[in-house]
Amino acid sequence: MPHSTPNPWRHHFPLIDQPSCDVNRLSYLDSAATSQKPQCVIDAIEQYYRHYNANVHRAAHTLSARSTSAYEDCRDKVADFIGANESNEVIFTSGTTEGFNLLANTLPYVEGQRWQEGDEVILSTLEHHANIVPWQMLAERLGLVIKVIPLDCNGDLSIPHYQALLGPRTRLVSLTHVSNTLGTINPIKELTRLAHANSSLVAIDGAQACAHLDIDVQEIGCDFYLFSGHKMYAPTGSGILWGKYPLLNLLPPWQGGGEMIKTVSFEKVQYNQLPYRLEAGTPNISAIIGLGAAIDYLSSIDRQQVLRYEQKLCSSAKTQLADIEGINIIGEPKVQGSLFSFLIDGCEPSDIATLLDEQGVAVRSGHHCTQPLMTSLNLTGTVRASFALYNNEDDVNALVTAVHKACELLL
Ligand code: PMP
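Residues numbered from 1 in each chain as written. Predicted model: local features only at pLDDT ≥ 70, side-chain atom pairs only at ≥ 80, totals over all residues. Heavy atoms only, no water.

**Q** Looking at this model, I keep getting lost on unusual backbone geometry. Mind explaining?
**A** In most cases, non-glycine residues show a negative phi, while peptide bonds are predominantly trans. Here the amide bond leading from Leu274 into Pro275 is cis, since omega sits at 0°, within 30 degrees of zero. Locating Pro275 in the fold gives a position in the loop between strand S10 (269–271) and helix H9 (285–299). Despite not being glycine, His57 has its phi angle at roughly 75°, a positive value. Structurally, the position occupied by His57 is in the loop between helix H1 (39–51) and helix H2 (62–82). Within the chain, Asn378 stands out as a residue other than glycine whose phi angle is a positive 60°. If you trace the backbone, Asn378 turns up in the loop between helix H12 (371–376) and strand S15 (382–386). (Helix = DSSP H or I, 4+ residues; strand = E, 2+ residues; numbered from the N terminus.)

**Q** How do you make sense of the site of the ligand when you look at a structure like this?
**A** Not every one of the 13 residues close to the ligand is listed here, only the nearest: Thr97, Asp205, Gln208, Ser228 and Lys231. A distance of 2.6 Å is found between an oxygen atom of the ligand and a side-chain nitrogen or oxygen belonging to Thr97. A distance of 2.6 Å is found between a nitrogen atom of the ligand and a side-chain nitrogen or oxygen belonging to Asp205. In isolation the ligand has 390 Å² of accessible area, and contact with the protein removes 85% of it. (Near = heavy atom within 4 Å. Polar contact = N/O pair within 3.5 Å; in protein donor to acceptor, adjacent residues only side chain to side chain. Areas by Shrake-Rupley, 256 points an atom, 1.4 Å probe, with all protein chains shown as cover.)

**Q** Please explain the environment of Asp214 as it appears in this structure.
**A** Structurally, Asp214 can be placed in the loop between strand S6 (201–205) and helix H7 (217–220). Sequence separation between Asp214 and Leu274 is 60 residues; the distance between their C-alpha atoms is 26 Å. Among residues more than four places away in sequence, those in contact with Asp214 are Arg303 and Gln304. (Contact = heavy atoms within 4.5 Å.)

**Q** Any chance you could explain the pattern of salt bridges here in plain terms?
**A** Where charged atoms from two side chains of opposite charge approach closely, those side chains can pair. Under the definition given, this model contains 17 salt bridges. Among the ionic pairs, Arg364 bridges to Asp30, the shortest N-O distance being 3.3 Å. Of this pair, Arg364 sits in strand S14 (residues 364–366) while Asp30 sits in the loop between strand S1 (27–28) and H1, placing them 334 residues apart in sequence. Judged by relative accessible area, which is 36%, Arg364 ranks as partly exposed. What makes Asp30 buried here is its relative accessible area of 8%. Notably, a salt bridge pairs Asp119 with Arg169, separated by 2.9 Å at the nearest N-O pair. Taken together, the residues Asp119 in the loop between helix H3 (96–104) and strand S3 (120–124) and Arg169 in the loop between helix H5 (159–165) and strand S5 (170–176) connect sequence positions 50 residues apart. In this structure Asp119 comes out as buried when scored by relative accessible area, which is 4%. Arg169 sits in the partly exposed class, given a relative accessible area of 34%. One network of salt bridges, in which partners are shared, links Arg10, Arg25 and Asp395. (Salt bridge = Lys/Arg side-chain N within 4 Å of Asp/Glu carboxyl O. Buried < 20%, exposed > 50% of the residue type's maximum accessible area, 1.4 Å probe, protein only.)

**Q** Please explain helix H13 (residues 393–410) as it appears in this structure.
**A** One full turn of an α-helix is made of 3.6 residues, so residues set three or four places apart face in the same direction. Along its 18 residues, H13 runs 25 Å from first to last C-alpha, staying within 8% of the 26 Å computed at 1.5 Å per residue. For H13, the set of buried residues is Asp394, Asp395, Val396, Asn397, Leu399, Val400, Ala402, Val403, Ala406 and Cys407. Its side-chain oxygen at 3.1 Å from the backbone nitrogen of Asp394, Asn392 defines the N-terminal cap of H13. (Expected span 1.5 Å × (residues − 1).)

**Q** Where do I start with the pairing of strand S12 (residues 339–344) in this structure?
**A** The side chains of a regular strand alternate between both faces of the sheet. The buried fraction of S12 is high, at 6 of 6 residues. Looking at chain direction, strand S11 (residues 327–330) and S12 are connected through 4 bridges and run antiparallel. Within the sheet, the bridge partner assigned to Ile330 lies in S12 and is Ser341. As judged from the 4 bridges shared by S12 and S15, these two strands associate in the antiparallel manner. Residue pairing in the sheet places Phe340 in a bridge with Ala385 of S15. (Pairing = 2+ DSSP bridges.)

**Q** Even after reading the chapter, I still don't get a nonpolar patch on the surface, so can you show me in this structure?
**A** Residues Val264, Val269 and Tyr271 make up a contiguous nonpolar surface patch of about 260 Å² in total accessible area. Among the structural elements, Val269 can be located in strand S10. (Patch = residues over 30% accessible without salt bridge, like charges linked within 9 Å, V, L, I, M, F, W, Y side chains within 5 Å.)

**Q** Looking at this structure, how should I read the sheet that holds S14?
**A** Within a beta sheet, neighbouring strands are joined by backbone hydrogen bonds and run either parallel or antiparallel to one another. With antiparallel pairing, 4 strands are arranged side by side in an open sheet as S11-S12-S15-S14. Only two strands of the sheet have a single partner each, and these edge strands are S11 and S14. Here the strands of the sheet are splayed against their neighbours by 30° on average, with no regard to which way each runs. (Axes fitted to C-alpha atoms, helices over the stretch in contact; angles between N-to-C directions.)

**Q** Where do I start with the UniProt feature "domain: Aminotransferase class V" (unreviewed entry) in the protein in this structure?
**A** The positions that UniProt labels "domain: Aminotransferase class V" (unreviewed entry) are, in the present scheme, residues 28–399. Secondary structure over residues 28–399 splits into 37% helix and 17% strand, and the C-alpha atoms at its two ends are 10 Å apart. (UniProt positions renumbered as here; feature names shortened; annotations may be inferred.)

What follows is the structure, given as structure tokens:
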């Protein structure tokens, strides 16, 4: 087996950094589900709990001032990281799912611009359930129509169909930046431009993008951008909804409680300003502080180099698997990120994943929370291999060898 080229990032991740001769060596190829955490993120969380754990914003004491300052610093870091105009455009959420629920429960209820029965939301076949179900729940309540952009035969969105779907009733186009099942990187700048030419708003699901791509919301031009910390080396329970300030400022509050108010009496409540108006209750302080550390980490490395490296590993794995008899690679998108899906002819994805796990290769099997995509592909599930900056050629070799063995056993 050829020796791996040294990977400059791998040793930052304690769970991953095991000697390649270790018989229990793990090839973690499930980063699209959640990424592993670098030592600096683990340290930031420990520091917080050891040295300055206190609730944010409300107390007069020094410890709280320290936690508030660390917590609000993260808002500034996120704003810089995605090119926001100001930190008040950054709303902390628990993840992409909560961000979409926030949006679906507020955007249609803006005073003077309430969505009406028959108004339309455009989604795509590639969407994760987090960007489907909140809109369906809303559609049931308000009598909206959900329209869906189909895929072409390679797994790319069909732009002519999209253009045909845009119409006078399209209130929102909500699309994923990167597919979590096929790895497709959508041309979101162009998709956004077309929606804006139709006077429709645009929300982008960045859950699979932020760990891999440089994000500049000004350059994309979208109105809302949502993502989860845990897929970009930060802790679970941290997430972001970014929106253009004038739009965010129109959103009515959604969850009521502490933090989101200025004054409360039994007769009347006065709401707080942004961003707090959309952040009720005690936030996940340690997770947000961990997100700040993850952003520092991502900002300290050459992200273009990382992307090229990940795509090289991903495409090498894909090409080698495609050469094995009985293997089907699912989709061949024009631009692919750091993950792909495959199947062994006639075999259950869960059986394949179990056999790979027995050989120390962690992959994901199932519908990946994209059941409508599965239906459109006439599948019930796939096996997904997803790569991150800590993977190396040994991981690719381990995957290919394990799939060969699985084929021997299953075919
Ligand atoms: N969108 C995409 C594309 C995803 O991959 C995921 C996570 N699998 C989500 C949304 C939901 O993210 P979370 O579970 O962190 O809220």
